[in-house]
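A structural walkthrough
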Amino acid sequence: MSRIIEEVPASAGFYMPGEHQPQSEVWMSWPLRSNNWRYSGKFAQHAFVEVAITIAQATPVVMLVEQSQYANARAQLPAHIKVIEMSYNDSWMRDIGATYVVNQGGERRGISWQFNAWGGLVDGLYFPWDLDDAVAEKMLNITGDASYKAPFVLEGGAIHTDGDGTLYTTKECLLHPSRNPDLSQQQIEENLKSYLGIEKIIWLDKGLYNDETNGHVDNIMHVIKPGEVALTCCDDPSDPQYAISQAAYKQLSNERDAKGRALKIYKLPMPGPLYMSEEEAAGIDQTEGMQREAGERLAASYANFLISNGLVVFPLLDEANDELAKNVLIEAFPEHKVVGVTAREILLGGGNIHCITQQVPSV
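All of the points below concern the structure found in this document. Not measured: the values here are computed from a predicted model.

Observations regarding helix α10 (residues 322-332)
- Of all the residues in α10, the buried ones are D322, A325, V328, L329 and A332. Buried residues of α10, viewed axially, fall in a sector of 125 degrees; they line one side. Exposed residues on α10 whose side chains face more than 90 degrees from its buried face are E323 and E331.
- Taken together, the buried residues of α10 touch β10 (221-225), β11 (228-232), β12 (264-268), β14 (311-316) and β15 (337-342).

As structure tokens, this is what we get:
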């Protein structure tokens, strides 16, 4: 069992590194939930395999798998991808996995946030979520890192950091009554600074339109490196995303990060808009929490990519815009290899490549 530390990370000089910094592993978990992934994940599993194989070009990948699917996953994944049996409720590793912090002395520790399935009994997507809530601690046992048990609800997709003192998030998510209703914005800021070694927090008002996570920041923008971000933009004034993106662009244009830098903003096109088809909806078991219906607007975004050791893995979502998005990412990451992976099946589950991955920083 990993050693639980009572002090807060920042008091011992620990901070969350940026995603652009070196990583030792990327963790994922196998999709199989029948009310989220069509035909119990059969199509999504192929997409997860492609994502895992692509990431493994640069970084070792660990795939968590439920006992009932272990043989299937092991058969579909190449031998160099590690498969570990573990129980969980769904496959969003960004939100259920540990968030790692490091210090200048080369030490690494991990944080287990409280997880409530994006809203608990207020507007959570499923119940129970106890298996998901236990994943981070199990992950830290396996990576051998001491752990912190945070006393508040947070998902990894709700935050982006630059590794240099700045954190980005949305008021829509972190101030939502389904997360930490007893905490003020100032108290939430204090917690983020204490646990992630943050100096400044930049609050966008909203995340992507119709994002069922209550507007996770990782689905509307991404931190490229300190002082540089990529933002989902929309050119259609009649689209509900237009006002959200315009407001976010205006705010980021007027911000300074923790070190006083003005931000360089790369504009990512918006896919679609994309909608769930009747055929896709027909393959999903309908339940009360998650609504998976034909004609539903999908929260599609090219910002939902992963940076890992000189590689950028981004979702291919819309033939009309995929190449435009790739060109923006090539400009933003001139020294990286930029690879697109067909990701509609991941999108149908409510997120994308950043949401299904969690990196472990190198020390």
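Alright, that's what it looks like, and here's the rest.
Observations regarding the pattern of salt bridges
- One pass over the structure, following the stated rule, counts 15 salt bridges.
- Residue E212 is joined to R292 by a salt bridge in which the shortest nitrogen-to-oxygen separation is 2.7 Å. Of this pair, E212 sits in the loop between β9 (200-204) and β10 while R292 is found in the loop between α9 (278-282) and β13 (306-308), placing the two residues 80 residues apart along the sequence.
- Residue E212 is classed as partly exposed on the basis of its relative accessible area of 22%.
- One continuous salt-bridge network, built from bridges that share partners, spans D164, E199, D257, K259 and R261.

A few points about the layout of surface pockets
- Estimates place the volume of the largest pocket at around 240 Å³.
- Looking at the largest pocket, it is lined by 15 residues, and the ones nearest its centre are C233, C234, D235, P269 and M270.
- Broken down by element, the lining of the largest pocket gets its largest block of residues, 3 residues, from helix α8 (residues 240-253).
- Counted by class, the lining of the largest pocket contains 7 nonpolar, 4 polar and 4 charged residues.
- Put simply, the second largest pocket is a space of about 190 Å³.
- What lines the second largest pocket is H20, I224, K225, E228, Y266, E331, A332, F333, P334, E335 and H336.
- Only β10 and α10 provide two or more residues apiece to the lining of the second largest pocket.
- Tallied by class, the residues present in the lining of the second largest pocket amount to 5 nonpolar, 2 polar and 4 charged.

A look at the environment of S184
- Structurally, the position occupied by S184 is in the loop between α6 (171-174) and α7 (185-196).
- When its relative accessible area of 34% is taken as the criterion, S184 is described as partly exposed.
- Residues S184 and K267, 83 residues apart in the sequence, show an inter-C-alpha distance of 32 Å.

Criteria and thresholds
Residues numbered from 1 in each chain as written. Predicted model: local features only at pLDDT ≥ 70, side-chain atom pairs only at ≥ 80, totals over all residues. Heavy atoms only, no water. Buried < 20%, exposed > 50% of the residue type's maximum accessible area, 1.4 Å probe, protein only. Helix = DSSP H or I, 4+ residues; strand = E, 2+ residues; numbered from the N terminus. Arc of directions from axis to C-beta. Contact = heavy atoms within 4.5 Å. Salt bridge = Lys/Arg side-chain N within 4 Å of Asp/Glu carboxyl O. 1 Å grid on protein atoms, 1.4 Å probe; cavity = no way out; pocket = protein on both sides within 12 Å on 5 of 7 lines; lining within 4 Å. Points joined across faces, edges and corners; volume = space filled by probe spheres on them. Nonpolar A, V, L, I, M, F, W, Y, C, P; charged D, E, K, R; others polar.

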